[in-house]
Amino acid sequence: LVAHSGGTPIGLKTAYTYPEKIHAYVGVAQIVNDYEQELLSYDFIVKEAAKSGAVKARKAIKVIGPPPYEEPEKIFMKAKYIVKYGGFIHRNATKRLISTYLNYLTSPEYSLKEGFRTMRGKGLDFTMNARWEEIKNVDFTKEIETLNVPLYFFQGKYDMIVPTVQVQNYYNALKAEKGKKLIIFEDSAHVPMLEEKEKYEGFLINVVLKETLSK
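Below: a short report on this structure. (Residues numbered from 1 in each chain as written. Predicted model: local features only at pLDDT ≥ 70, side-chain atom pairs only at ≥ 80, totals over all residues. Heavy atoms only, no water.)

### As for the packing of helix α3 (residues 55–64) against helix α4 (residues 73–84)
The contact between α3 and α4 brings their axes to 10 Å, and the two run at 155°. Judged by the inter-axis angle, α3 sits roughly antiparallel to α4. Between α3 and α4 the crossing geometry is left-handed. Only Lys74, Met77, Lys78 and Tyr81 of α4 make contact with α3, whose side of the interface consists of Ala57, Ala60, Ile61, Val63 and Ile64. For the contact of α3 with α4, the per-class residue count stands at seven nonpolar, no polar and two charged. (Axes fitted to C-alpha atoms, helices over the stretch in contact; angles between N-to-C directions. Helix = DSSP H or I, 4+ residues; strand = E, 2+ residues; numbered from the N terminus. Parallel < 35°, antiparallel > 145°, perpendicular 65-115°, else oblique. Left-handed = near helix turned anticlockwise from the far one by under 90°. Contact = heavy atoms within 4.5 Å. Nonpolar A, V, L, I, M, F, W, Y, C, P; charged D, E, K, R; others polar.)

Below, the structure written as structure tokens:
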């Protein structure tokens, strides 16, 4: 059994608090420190907008302003530009997003109504608002310095939703008594499970699962 998280705070906290119940922890685009994360991603879109010469985008980004943010609305506004400049999906963003939306509408796990609500970000909006106080105060560099389960971080090289440099720095400092691995997806940003699906699944099956079962 593997604790597999989309990088959410609760996933890493669970592995830290109940290591005896977890065989391995996989953090994908692992949240580390929300304030630093928002600052790095804001600097990214400021620089990209300046390089592109897009006056309208530069004005909109200035209105958003740098963190800290008191509500998640500005994070959603900022995310629009992270997507625009390739920090969410590295290549073929429009094509891959359309494919994902079609999956929402055709999946047996979703009703058609639920699929449309997911496409419109209603679930994400609900979750961010419900857990906002927890998310905005996350700083695992101080909260979790040692982990007592096998650790795997999956990170897209071009991720600017959760900036890769931040995950790398945390990985280097984190003590993992049962071993740790940082796997960088060289042609991905925030969603390697979508951008490099075969490589992603291969690592889960041929590395994480095999190493976990052998221990």
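### Here's the deal with the environment of Ile82
Its place among the elements puts Ile82 in helix α4. A relative accessible area of 2% places Ile82 in the buried class. For the pair formed by Ile82 and Glu145, sequence separation is 63 residues and the distance between their alpha carbons is 29 Å. Beyond its immediate chain neighbours, meaning those up to four positions away, Ile82 contacts Ser41, Ile45, Gly87, Phe88, Met160 and Ile161. (Buried < 20%, exposed > 50% of the residue type's maximum accessible area, 1.4 Å probe, protein only.)

### Quick word on the pattern of salt bridges
If the charged atoms of two oppositely charged side chains come close together, the side chains can form a pair. Applying the stated criterion across every chain, the model contains 10 salt bridges. One salt bridge connects Glu38 with Lys78, and the closest N-O pair in it is separated by 2.6 Å. Of the two residues, Glu38 sits in helix α2 (residues 34–52) while Lys78 sits in helix α4, which places them 40 residues apart along the sequence. For Lys78, a relative accessible area of 2% corresponds to the buried category. Residues Lys181 and Glu211 are paired through a salt bridge, measuring 2.4 Å at the closest nitrogen-oxygen approach. Within this pair, whereas Lys181 is found in strand β6 (residues 180–185), its partner Glu211 is found in helix α12 (residues 197–213), the two being separated by 30 residues in sequence. (Salt bridge = Lys/Arg side-chain N within 4 Å of Asp/Glu carboxyl O.)

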